[in-house]
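Take a look at the letters that make up each chain.
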Amino acid sequence: RAAAEGRQPANKATNPLNKETDWDSIKAFCDKLDNEPDGPQLATRLLAHKIQSPQEWEAMQALLVLETCMKNCGNKFHGEVGKFRFLNELIKVVSQRCWR
């Protein structure tokens, strides 16, 4: 249940139906991941999934959430982003877009 609650701000922040950037949800997501012991790990998994969305606006919002988290979250989050598992997911996105 905790994982589902942690996804809620991210799902709101990256909702493809958003007309504008939902800064309140982005801030809530950053706060949530900083305050949960497994927050950084869950956040990077969720963001990797959202960044690979076939809906361009959802993927772009996920990249904005990632950028905001990188600027505002701590070392645990930075460490998860630097792991091969997350970086490999980003490589998949770039290679799919470049070779279409």
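This section reports on the structure supplied with the text. Being a predicted model, the structure only gives us computed values, none of them experimental.

Considering a nonpolar patch on the surface
Next up, step 1: Nonpolar side chains collect at one region of the surface, where W57, M60 and L63 lie side by side and expose about 280 Å² of accessible area between them.
Next up, step 2: Note on placement: L63 falls in helix α4 (residues 56–72).

What about the environment of I51?
Next up, step 1: Among the secondary structure elements, I51 is positioned in helix α3 (residues 39–51).
Next up, step 2: Considering only alpha carbons, one finds I51 and V65, 14 residues apart in sequence, at a separation of 9.9 Å.

Brief notes about the pattern of salt bridges
Next up, step 1: Tallied over the full model, the rule gives seven salt bridges.
Next up, step 2: Across the salt bridge formed by K32 and E36, the nearest N and O atoms sit 3.7 Å from each other.
Next up, step 3: What makes K32 partly exposed here is its relative accessible area of 26%.
Next up, step 4: Exposure remark for E36: the relative accessible area of 32% places this residue in the partly exposed category.

Some points on the nonpolar core
Next up, step 1: Residues F29, L33, L47, V65, L66, C69 and F77 are the most contacted members of the largest nonpolar core, which totals 20 residues.
Next up, step 2: Only α1 (2–13), α2 (23–35), α3, α4, α5 (75–81) and α6 (84–98) provide two or more residues apiece to this core.
Next up, step 3: Here this core takes five residues from α3, the largest share from any one element.
Next up, step 4: Dropping the residues within four chain positions of it, L47 is found in contact with F29, A62, V65, L66 and F77.

Here's the deal with the packing of α2 against α4
Next up, step 1: Look at α2 against α4: their axes get within 10 Å of each other, and the N-to-C directions meet at 50°. Judged on the interaxial angle alone, α4 and α2 are oblique. Crossing of α2 against α4: the hand is right-handed. From α2, W23, I26, F29, C30, L33 and D34 reach across to α4, where they touch L64, V65, T68, C69 and N72.
Next up, step 2: Of the residues in the contact of α2 with α4, the class split is eight nonpolar, two polar and one charged.

Conventions used here
- Residues numbered from 1 in each chain as written.
- Predicted model: local features only at pLDDT ≥ 70, side-chain atom pairs only at ≥ 80, totals over all residues.
- Heavy atoms only, no water.
- Patch = residues over 30% accessible without salt bridge, like charges linked within 9 Å, V, L, I, M, F, W, Y side chains within 5 Å.
- Areas by Shrake-Rupley, 256 points an atom, 1.4 Å probe, with all protein chains shown as cover.
- Salt bridge = Lys/Arg side-chain N within 4 Å of Asp/Glu carboxyl O.
- Helix = DSSP H or I, 4+ residues; strand = E, 2+ residues; numbered from the N terminus.
- Buried < 20%, exposed > 50% of the residue type's maximum accessible area, 1.4 Å probe, protein only.
- Core = buried A, V, L, I, M, F, W, Y, C linked by side-chain atoms within 4.5 Å.
- Contact = heavy atoms within 4.5 Å.
- Axes fitted to C-alpha atoms, helices over the stretch in contact; angles between N-to-C directions.
- Parallel < 35°, antiparallel > 145°, perpendicular 65-115°, else oblique.
- Left-handed = near helix turned anticlockwise from the far one by under 90°.
- Nonpolar A, V, L, I, M, F, W, Y, C, P; charged D, E, K, R; others polar.

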